[in-house]
Amino acid sequence: MALKKLNRVRLKQNGKFVISEEDKREEIYISRELKLPNEIVEIEESNTIQGVSQVEESSRDLEEGNQEEYNDMIVIDSELSISYKDDTMYYDEGNKARLITLKNVEKDIDKNHVSFEMSTMYKGENIEMRMPREMALQRKGILKLASQGAHVNEVNAKFHIRSLEYQEEKVEKVNNIHSEIGFSEYNGKDVFKLYTTINEDSKYTGNLDIKPKGTLEDYLADVKINVVPYASLSLALVIGASSAVVAKLNKLDIDINTLLVHLVAESSKGKSTATMLSISAWGNPKVGAGGLYNTWNATENALITSLAGNHGVAYALDELSMTKVDNVTNLIYNIVGGRDKARLTKDIEIRHSGTWITTVISNGEASILGKANNNTGLDIRVMELEGITWTQDAKHSEEVKKLTNRNYGVLGQSFAEKLMKFSDDKLVELFENERQSFINKLMNKGISDNKIQRSSSKYAVLIVTAKLINSGYKDYEINLDIDGITEILINAEIESIKKRGLEKKAEEWLLQEVEANASKFRRSNEDKQNTDYWGKIKELPTGELEISILRNKFDEIMKKGKFEDPKIVIKELKRDGKLDHEKGRLTRKKKINAVKTEVYVIRLKQ
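One numbering rule holds for all chains: residues counted from 1, following each sequence as written. Per-residue local features are limited, in this predicted model, to residues with pLDDT of at least 70; the limit for side-chain atom pairs, both in listing and counting, is 80 or more; totals at the level of whole chains, interfaces and linings are taken over all residues. Neither water nor hydrogens contribute to the side-chain values; these are computed over all heavy atoms in the structure.

**Some remarks on the overall build of the chain**
Looking only at helices and strands, one finds 18 helices and 29 strands in the chain. If you take every contact in the chain between residues at least 6 apart in sequence, the share linking residues at least 24 apart comes to 67%. As displayed, the chain has an accessible area near 31100 Å², and 44% of this comes from carbon and sulfur atoms. Helix and strand labels come from DSSP, where a helix needs a run of H or I of at least four residues and a strand needs a run of E of at least two; each type is numbered from the N terminus. In this analysis, two residues are considered to be in contact whenever any of their non-hydrogen atoms come within 4.5 Å of each other. Here the Shrake-Rupley method, with its probe set to 1.4 Å, supplies the accessible areas, and only the displayed protein chains count as covering residues.

**Side note on the packing of helix α13 (residues 424-444) against helix α14 (residues 452-472)**
In this analysis an axis means a line fitted to C-alpha atoms, helices contributing only their contacting stretch, and an angle means the value between N-to-C directions, from 0 to 180 degrees. At a minimum axis separation of 8 Å, α13 and α14 run at an interaxial angle of 120°. Comparing their axes, α14 and α13 come out oblique. Crossing angle aside, the handedness with which α13 passes α14 is right-handed. Residues Leu427, Leu430, Phe431, Glu434, Arg435, Phe438, Ile439 and Leu442 of α13 pack against Ile452, Gln453, Ser456, Ser457, Tyr459, Ala460, Val461, Ile463, Val464, Lys467 and Leu468 of α14. Side-chain classes follow a simple rule in which Ala, Val, Leu, Ile, Met, Phe, Trp, Tyr, Cys and Pro form the nonpolar group, Asp, Glu, Lys and Arg form the charged group, and the remainder, Gly included, forms the polar group. Considered class by class, the residues forming the contact of α13 with α14 number 13 nonpolar, three polar and three charged. Angles are sorted into four bins: roughly parallel if under 35 degrees, roughly antiparallel if over 145, roughly perpendicular if 65 to 115, and oblique for all others. Throughout, a crossing is termed right-handed when the near helix is turned clockwise from the far one, and left-handed when it is turned anticlockwise from it by less than a right angle.

**Side note on the pairing of strand β11 (residues 175-178)**
The criterion for strand pairing is that DSSP finds at least two bridges linking the strands in question. Pairing of strand β8 (residues 101-108) with β11, which is carried by three bridges, proceeds in the parallel orientation. The partner of Asp108 across the bridge, within β11, is Ile177. Pairing between β11 and strand β15 (residues 203-204): two bridges, direction parallel. Across the sheet, Ile177 pairs through a bridge with Lys203, a residue of β15.

**A closer look at the packing of helix α6 (residues 231-251) against helix α7 (residues 271-280)**
Interhelical geometry of α6 versus α7 gives an angle of 40° and a closest axis separation of 7 Å. Between α6 and α7, the interaxial angle falls into the category oblique. Two packed elements cross with a definite hand, and for α6 against α7 that hand is right-handed. Of α7, the residues touching α6 (which contributes Leu233, Ala236, Leu237, Ile239 and Gly240) are Ala274, Leu277 and Ser278. In the contact of α6 with α7, the residues fall into six nonpolar, two polar and no charged.

**Considering the sheet that holds strand β17 (residues 293-295)**
One open sheet accounts for five strands, arranged β17-β19-β22-β16-β23; its pairing is parallel. Of all strands in the sheet, those bounded by a partner on one side alone are β17 and β23 (382-386). Direction aside, neighbouring strands of the sheet carry axes that sit 20° apart on average. Strand direction decides the pairing type here: strand β16 (residues 259-264) and β23, joined by five bridges, are parallel. Of the residues in β23, the one forming a bridge with Leu263 is Leu385.

**Some words on the packing of aromatic side chains**
Here the distance between the centres and the angle between the planes together describe a pair of aromatic rings. Stacked, tilted and edge-to-face are the three classes assigned to paired rings of Phe, Tyr and Trp, where Trp is represented by its six-membered ring and a pair needs centres within 6.5 Å; plane angles under 30 degrees give stacked, over 60 edge-to-face, the rest tilted. One pass over the full model with this rule turns up seven aromatic pairs. Residues Tyr91 and Phe159 carry aromatic rings whose centres are separated by 4.9 Å and whose planes lie at 35° to one another, so their mutual orientation is tilted. In this pair, Tyr91 sits in strand β6 (residues 88-91) while Phe159 sits in helix α4 (residues 157-170), placing the two residues 68 residues apart along the sequence. Residue Tyr91 shares its accessibility class with Phe159, and that shared class is buried. Where Phe183 meets Phe192, the ring centres are 4.8 Å apart and the plane angle is 85°; that geometry is what we call edge-to-face. By the burial criterion, Phe183 is buried, and Phe192 matches it. We note Lys418 situated over the ring of Tyr473; from NZ or CZ to the ring centre the distance is 5.2 Å. Relative accessible area decides the class of each residue, using a 1.4 Å probe on protein chains only: under 20% of the type maximum gives buried, over 50% gives exposed, and in between gives partly exposed. Counting as a charge over the ring demands two things of the Lys NZ or Arg CZ atom: a distance within 6 Å of the ring centre and an angle within 35 degrees of the ring normal.

**Some points on the pairing of strand β28 (residues 588-591)**
Bridge analysis of β28 against strand β29 (residues 596-605) gives four bridges, and the strand direction is antiparallel. If you follow Arg588 over to β29, its bridge partner there is Val599. What sits between β28 and β29 in their antiparallel hairpin is a turn of four residues.

**Focus: helix α15 (residues 482-499)**
Over its 18 residues, α15 runs 26 Å from end to end, which matches the ideal 26 Å to within 8%, given 1.5 Å per residue. All of the buried residues along α15 are Ile482, Gly484, Ile485, Thr486, Ile488, Leu489, Ile490, Ala492, Glu493, Ile494, Ser496 and Ile497. By this rule the span expected of a helix is its residue count minus one, scaled by 1.5 Å.

**What to know about the nonpolar core**
Residue types Ala, Val, Leu, Ile, Met, Phe, Trp, Tyr and Cys, when buried and joined through side-chain atoms within 4.5 Å, form a set referred to as a nonpolar core. Core analysis: the biggest nonpolar cluster contains 101 residues, and Leu385 and Leu489 have the highest contact counts within it. By residue number, the principal contributor to this core is α6, which donates 13 residues. When residues no more than four places from it in sequence are discounted, the contact partners of Leu489 are Leu235, Met383, Leu385, Phe438, Tyr459, Leu462 and Ile463. Of all hydrophobic cores here, the second largest spans 21 residues; its members include Trp509, Ile537, Leu579 and Leu604.

**Details of the environment of Lys605**
For Lys605, the position within the fold is in strand β29. Here the alpha-carbon distance between Lys605 and Glu546, two residues 59 residues apart in the chain, equals 9.0 Å.

**Observations concerning unusual backbone geometry**
Non-glycine residue Asp253 carries a positive phi angle of around 70°. By secondary structure assignment, the location of Asp253 is in the loop between α6 and β16. Classification of Asp253 by relative accessible area gives exposed; the value is 70%.

**Quick notes on helix α8 (residues 300-307)**
Residues three or four positions apart in an α-helix share a direction because the helix packs 3.6 residues into each turn. Among the residues of α8, those classed as buried are Leu303, Ile304 and Leu307. Across the axial projection of α8, the buried residues extend over an arc of 95°, all falling on one side. Close packing links the buried residues of α8 with β17, β18 (310-311), β19 (315-318), α9 (328-337) and β22 (359-364). The positive-phi residue at the C-terminal boundary of α8 is Gly309, with phi of around 85°. Directions pointing from the helix axis toward each C-beta atom define the arc.

**Notes on the environment of Val227**
Within the element layout of this structure, Val227 appears in the loop between α5 (216-226) and α6. Along the primary structure Val227 and Val400 are separated by 173 residues, whereas in three dimensions their C-alpha atoms are 7.8 Å apart. Leaving out residues up to four positions away in the same chain, Val227 has contacts with Asp222, Leu233, Ser234, Leu237, Leu277 and Leu403.

**A short note on the sheet that holds strand β14 (residues 197-198)**
Ordered by their spatial adjacency, four strands build an open sheet running β14-β13-β12-β18, and the pairing between neighbours is mixed. The sheet is open, and its two borders are formed by β14 and β18, each paired with just one other strand. Taken together, the two bridges between strand β12 (residues 181-186) and β18 define a ladder with parallel strand orientation. When the bridges of β18 are listed, Gly182 appears paired with His311. The strands touched by α6 are β12, β13 (189-193) and β18; relative to β12, the strand with the most contacts, the crossing angle is about 30°.

**Description of the side chain of Thr273**
Note that Thr273 resides in helix α7. Those residues in contact with Thr273, other than ones at most four positions away along the chain, are Thr391, Ser397, Val400 and Lys401.

**Digging into the environment of Ala281**
On the secondary structure map, Ala281 appears in the loop between α7 and β17. On a C-alpha basis, the gap between Ala281 and Ala314 in space is 8.4 Å, while along the polypeptide they are 33 residues apart. Leave out the neighbours within four places in its chain, and Ala281 touches Tyr219, Gly409, Val410, Leu411 and Gly412.

So this is what it looks like as structure tokens:
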């Protein structure tokens, strides 16, 4: 048998690869550079087996030489090779660039998007980069990595893309990530996303510091000493944990919105400490430390954006007096409503509006409702807890702060796991029972109004949360004072009922303005004529005060008092029988100045 010619082994000459015609492999692993001999190896005719052996040995020697000299290079195709050892990409007949290494392929389970986590060397420093897959595999997208130090340009961009495509094929596992937190559904099952995800393998990549610190055992040991004995602080702990209950009830189609709780207290009463305790269930409780506790010192858009994608993790805002928001009324509606406005992106595309359902804790020395307009229904959207001394003294406050900084984010993880296992039907039943029980307790005190059916929900969810904590952590001897917590909430609702009611606020404001502008109102027994009166006042035999006021002046007074729609106020007064009017109208014609004109005639108790 005669062998006339041996096909060439994959060799390199003058910076170019010489490819074997017989063995065109898609990739070749070579460890050291092998120089091409000056002549092609050729075997003369031989009729012996020994001749064949010599051919095989010669070929083997050449390949062994390859593996000794090729620097762990991976040859992808005839134009492209990469070396992880040298962090180099070789391309297009001897050119080279710093390699862009694909470290991980990540899938965002919130948006179902895939992204590349990459790295490259720049000036001796390892640079980490992340980019959506669709951008990384397009020339326009990958060129943007140059701004981060990647050695990519118009010439080599296509080779970097091919390199990434090759590296992607070799990835064995795609890592799940998420940037939203709380309840959601993934692959047909319920999950709860925190730093890690309950019921799924996914890691948090958002901006919030929610990585757990310490242990649940140590946290609850501190809670047992510094929180459980005090109903006020127990309530603060409950408020924090309630966010998960609010979100789950909402998932079960219970008519419940984001719970907005505002702690109103003077300085040194422990309201900030109580807020830290609420937040410590879920993450870093320090104000402004990149966690879940921030200040009111932000724009409305920034505040709303910080809530988007949160479905069950408490969030807090410190010191209302720092707010930059002009219209607190709209902000309250937006926070409680749980949906951001749709906006345009920089590419003139509609960005999907963010949603949230959670518990938001606010604090300050002033009432948040006092900063808002007097809109009907606003007061049942906010739970204001006023006049509570949250901590016993400065020493107690300091101990609670230490508690929250030593261990955080551990209770929320554990509580969410227990809540996911808790029967949906039992949760709904417990909620409805507690809501009705709360209403009954108020009515037993002779307190009620036409809004109590709606307002009772926000109190019931807190009592349910307290009971779930007690049942879930009885092995840790956690036994929160349910009766003490309920008493605080009942007192808060009584105060709210006393204050709320659009017509009550409007009546008080109108009387105040009439008194302040007494010269503008003609008394019924005065003969003095004027052309600048706003109205007329008259004391009735029933002891009521009848105020006849020009419509435009009534509107001015109401808007000055932050009543956005004066007509709603008038209709409420009519509903309560306090408006004297002609049939089919809201006004009467009376002579206030020179001629008869339409006026509102309002009868109020003095």
